[in-house]
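Residue-level structure breakdown
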Amino acid sequence: MDNQTAIFKSWVPGWLIKITIFLVILPSTMLFAISTVNINAAAGYYGAEPADIQYSMLLFYVAVATAVPLERRFFSYMNTRPYFLLCLSLEVISTLICYLTRNIYLLFVLRFIQGVLNCGITSICLTLIFSKLGTERAREIGYSLFYTLILCMAPFTSLVTAPIVDNYEFNAVYKFAIFAFIPGAILLLGIMNNVRLSKKMPLYQTDWVSFVLYSILLMLIGWVLVYGQQLEWLENDSIRFCLFMILLLTLLHVFRQKSLKRPFLHLDVFKYRNFRIGIIFLLAFYLIRGAFNITSLYFAKVLGMDPIHVNLMMLANLSGIILSATLASRLIILQKSIRVIWIYGFMLLLVFHAWMYWLFNTQAEAETFIIPLIVQGLGAGMLMTPIVLFIISSVPENLSKSASTTGVFIRFLGFSLSISMINFFQIKSDSIHYTRLSEEISLINPETISRLSIYRNGLISRGVSSSEANKAALGLISKALRIRLSCILRWITIYGFAWELLHFY
């Protein structure tokens, strides 16, 4: 529906429509990252492992990746106002239960439900953005706005919720999310007419079977990638069983989609060469983007920054994303070559990884990292929207929804793989380096004795008693060991660096 006055009340100014759409979509996208704003705090609150918290986020992503085709049927069946009210009410209820529960398994279920409902709210917002723009540039501008928001949301959510986590129990972030829904919901329901944004379609022949099979398949993939290193991969029976089920469900899913008259997900998209190229670049981009989490980990563990200051540092990254996403959108509208834009983006990310490799050290000034963070943001913002648009435009229009849905799966896979690789390097390398360093650091080692003496004498000179100084000196040795171990983060950046080199050779 192109007529703006048919969607919104006649007295509503354009600026209020833009603000309302933003206020509606903001809390929905915040739910993407809300469970991982502080993984250690969340794990402590739920009595779970950090991997469990990572998996809860992946379940949200699984729901988004699998529910998109299903959600379009409901979106087309109902008028927009009641559909939005239904999705919003259920989203708030599920978020309220997240606030009340301490059961990690119930949290898993709720996060999946939130992902499904998130699709409905996001679908309405995207449709409103496109209808509000109402120009031939609507797709480019709309996708630029949406995907820039997604890129910015993880650090933004961490920033605004860091004071909450510092001063209250972790579940308070879910209460914050509930209140964040209210302003946008009230405004949208107040300024919008009861209209339908797409042609009505009946709900019969809804393919629930494909949705269930696809969801279970992605859940198993996420489970293997998150817990694989912790369970020692193929040495664990549950991992082997999951891999077998992944293979079986993949075959069932492919066979079912090939045999259906109206497939849940058209696999014909893979016949197009540009589509295959696009998803390879999208996967590479999300692997590289996942490696960026190492930077915030370095700030916290090695430089000892608290969460608030870590996220304040990320404002530099957000500024780079916004600036480059705006520039990329402009270049696309001017019909510049998307592949040239990719070169700019990957070149900037290559500079960032090379720069950070040399900056990682046990001691550094925070200001040193501001420019590299801006460079990373410039590279990420330059790539996201052009890659997505390239993927969607590489297939015929009747397959564009399947191309978009497959793109969501690739983003899920890239994000899961990045978690898996970081877990591998951390768990595997930590144990190797800890063993080697423990052999070097012992009470019969002259260097250890010398370092203990320096710490002990320094503490005594500041008025600490002899017995307390001995204990504190041992603690300082332990802390130095942990910092030294954290410096293996420099080596983890190699896989991001390697990915960049592959794009140039």
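Higher on the page you've got the structure.
So, here is what we can say about the structure in this document.

Conventions used here
Residues numbered from 1 in each chain as written. Predicted model: local features only at pLDDT ≥ 70, side-chain atom pairs only at ≥ 80, totals over all residues. Heavy atoms only, no water. Helix = DSSP H or I, 4+ residues; strand = E, 2+ residues; numbered from the N terminus. Buried < 20%, exposed > 50% of the residue type's maximum accessible area, 1.4 Å probe, protein only. Contact = heavy atoms within 4.5 Å. Salt bridge = Lys/Arg side-chain N within 4 Å of Asp/Glu carboxyl O. Patch = residues over 30% accessible without salt bridge, like charges linked within 9 Å, V, L, I, M, F, W, Y side chains within 5 Å. Areas by Shrake-Rupley, 256 points an atom, 1.4 Å probe, with all protein chains shown as cover. Axes fitted to C-alpha atoms, helices over the stretch in contact; angles between N-to-C directions. Left-handed = near helix turned anticlockwise from the far one by under 90°. Nonpolar A, V, L, I, M, F, W, Y, C, P; charged D, E, K, R; others polar. Core = buried A, V, L, I, M, F, W, Y, C linked by side-chain atoms within 4.5 Å. Phe/Tyr/Trp six-rings, centres within 6.5 Å; stacked < 30°, edge-to-face > 60°. Expected span 1.5 Å × (residues − 1). Bend = angle between axes of the 7 residues up to and from the residue. Disulfide = S-S within 2.5 Å.

Considering the overall build of the chain
Across its full length, the chain carries 19 helices and zero strands. By residue count, 52% of the 505 residues in the chain fall in the buried class. A separation of at least 24 residues holds for 83% of the contacts in the chain among residues at least 6 apart in sequence.

Examining the environment of Val116
Summarising the element assignment, Val116 is placed in helix H6 (residues 104–133). Through-space distance from the C-alpha of Val116 to that of Leu70 is 9.3 Å; in sequence the pair is 46 residues apart. Contacts of Val116, omitting those with residues within four sequence positions, involve Ala63, Ala67 and Phe211.

Things to note about the pattern of salt bridges
Evaluation of the coordinates by the stated rule reveals four salt bridges. Between Arg240 and Asp237 there is a salt bridge, with the nearest N and O atoms lying 2.0 Å from each other. Linking Arg240 with Asp237, this pair stays in helix H10 (residues 237–259), spanning three residues, or about one helical turn. Judged by relative accessible area, which is 55%, Asp237 ranks as exposed. Here Asp268 ties to Lys271 by a salt bridge, and the two come within 3.5 Å at their closest N and O atoms.

Describing a nonpolar patch on the surface
Side chains of Val340, Ile343, Tyr344, Met347, Val351, Trp355, Ile370 and Ile371 sit close together on the surface and give an oily, nonpolar patch of about 680 Å² of accessible area. Secondary-structure elements contributing two or more residues to the nonpolar patch are helix H14 (338–359) and helix H15 (370–393). Top element by residues in the nonpolar patch is H14. It accounts for six residues. Along the chain, the position of Tyr344 falls in helix H14. The partly exposed category is assigned to Tyr344, whose relative accessible area is 43%.

A look at the packing of helix H13 (residues 307–333) against H15
At a minimum axis separation of 6 Å, H13 and H15 run at an interaxial angle of 35 degrees. Crossing geometry of H13 relative to H15 is assigned as right-handed. Broken down by class, the residue content of the contact of H13 with H15 amounts to 16 nonpolar, seven polar and no charged.

Looking at the nonpolar core
One finds Tyr46, Leu128 and Phe170 to be the most contacted residues of the largest nonpolar core, which totals 121 residues. It is helix H4 (residues 50–77) that provides the largest number of residues to this core, a total of 15 residues. Setting aside chain neighbours within four positions, we find Leu128 in contact with Ile7, Phe8, Ile21, Leu188, Met192 and Leu197. In this structure, Tyr298, Phe299, Met356 and Leu359 belong to the second largest nonpolar core, which totals 20 residues.

A word on the packing of aromatic side chains
Summed over the entire model, instances satisfying the criterion amount to 22 aromatic pairs. Put simply, the rings of Phe32, Phe60, Tyr61, Tyr214, Phe264, Phe409, Phe412 and Phe415 pair up and form one aromatic cluster.

Focus: H13
Its 27 residues place the ends of H13 38 Å apart at the C-alpha level, agreeing with the 39 Å of an ideal helix rising 1.5 Å per residue. Where H13 bends most, at Ala316, the angle is about 25 degrees.

Considerations on the state of the cysteines
For the coordinates displayed, the defined rule picks out zero disulfides. Cys119 provides the cysteine sulfur closest to Cys87, a residue in no disulfide bond, and the two sulfurs are 9.3 Å apart. Classification of Cys87 by relative accessible area gives buried; the value is 6%.

As for the environment of Thr148
By the secondary structure assignment, Thr148 is in helix H7 (residues 138–167). Since its relative accessible area comes to 12%, Thr148 is described here as buried. Residues Thr148 and Thr385, spaced 237 residues apart in sequence, show a C-alpha to C-alpha distance of 7.7 Å.

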